[in-house]
Amino acid sequence: MSRRRPRPACRAPRAAASGARREQGRCVPTPGVPQTMSSPSPRTPDDRRSASAEPGAQEGVATWDGAWPLHLGDALPAVRLAWRLVGPPGAPVVAALGGISAHRRVAAEDGGWWSALVGRGRALDTARWRVLGIDFLGGSGGSTGPVRGGPRFPAISSVDQAAALARLTAELGLGRLHAIAGASYGGMVALAAGERFP
């Protein structure tokens, strides 16, 4: 018999900040309330903050002005990419990427979406590795994405996500990634990164 893990509850502070409410056991946007992805607090890679149950965690939002050309021919006028690093400074960095709706909180200690594999004593041990998570472009969270009532949002490919990840790691001064662990769409981004940025 397969045991299903319970979904995390809609946390009140996060829900209120994002304009979400709890409905039928899940978080849903509140109509007429601005969503987090349409009004994030702008940050640059140098504006890092430690905010987590996980010691040494850093997160921020990289902002890149100017047209960002996309693989399928369109462009974004500017880009925001929300990121989070967990693990000891100086440790080898592994990017952990999930499905398109996954977010930058990955580790068990952070209440992350991949808690079965990422955290102290797990396959991606945050005592040994520095784990990088991002909010995908066009997905949910603090990265650039569609805005309700806004203009048409262009198609984003896994190649675009890989390019954003490569630029982020360079700007954060992380050097070469030791690996990318990808689940679902994250696996496609990992393949694109391996092809474009070997």
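From a predicted model like this one, the values you see are computed outputs, not experimental measurements.

What counts as what
Residues numbered from 1 in each chain as written. Predicted model: local features only at pLDDT ≥ 70, side-chain atom pairs only at ≥ 80, totals over all residues. Heavy atoms only, no water. Core = buried A, V, L, I, M, F, W, Y, C linked by side-chain atoms within 4.5 Å. Buried < 20%, exposed > 50% of the residue type's maximum accessible area, 1.4 Å probe, protein only. Helix = DSSP H or I, 4+ residues; strand = E, 2+ residues; numbered from the N terminus. pLDDT = per-residue confidence, 0-100. Contact = heavy atoms within 4.5 Å. Phe/Tyr/Trp six-rings, centres within 6.5 Å; stacked < 30°, edge-to-face > 60°. Axes fitted to C-alpha atoms, helices over the stretch in contact; angles between N-to-C directions. Parallel < 35°, antiparallel > 145°, perpendicular 65-115°, else oblique. Left-handed = near helix turned anticlockwise from the far one by under 90°. Nonpolar A, V, L, I, M, F, W, Y, C, P; charged D, E, K, R; others polar.

Of all hydrophobic cores here, the largest spans 28 residues; its most connected members are W64, W68, L132, I134 and L168. Put simply, the parts of the chain that give this core at least two residues each are strand 3 (58–64), strand 6 (79–86), strand 7 (93–97), strand 8 (130–134), helix 2 (158–171) and helix 3 (185–196). No other element matches helix 2, which puts 5 residues into this core. Counting 11 residues, the second largest nonpolar core, distinct from the first, contains A57, V86, A107 and L124.

Time to look at the confidence of the model for the chain. Per-residue confidence for the chain averages 79 on the pLDDT scale, and 72% of its residues sit at or above 70. In this model residues 1–52 is a low-confidence stretch, pLDDT under 50, and it forms 77 contacts with partners more than four residues away in sequence or in other chains.

Another point: the packing of aromatic side chains. Across all of its chains, the model carries 3 aromatic pairs by this definition. Between the aromatic rings of W64 and W68, the centroid separation amounts to 5.3 Å while the plane-to-plane angle is 10°, which identifies the pairing as stacked. Comparing W64 with W68 shows no difference in burial state: the two are buried. Ring geometry for F136 and Y185: centres 5.1 Å apart, planes at 80°, overall edge-to-face. One end of the pair, F136, is in the loop between strand 8 and helix 2; the other, Y185, is in helix 3, and 49 residues separate them in sequence. Judged by its relative accessible area of 2%, F136 falls in the buried class.

So, about the packing of helix 2 against helix 3. Contact geometry for helix 2 and helix 3: axes closest at 8 Å, N-to-C directions at 65°. One element, helix 2, and the other, helix 3, form an angle in the roughly perpendicular class. The interaxial crossing formed by helix 2 with helix 3 has right-handed handedness. Residues S158, V159, Q161 and A162 of helix 2 form the contact with helix 3, whose own contacting residues are Y185, M188, V189, A192, A193 and R196. Class assignment of the residues belonging to the contact of helix 2 with helix 3 gives a composition of 7 nonpolar, 2 polar and 1 charged.

Let us now look at unusual backbone geometry. Although it is not a glycine, S184 sits at a positive phi angle of roughly 60°. Tracing the backbone shows S184 in the loop between strand 9 (179–182) and helix 3. Using a relative accessible area of 64% as the deciding quantity, one classes S184 as exposed.

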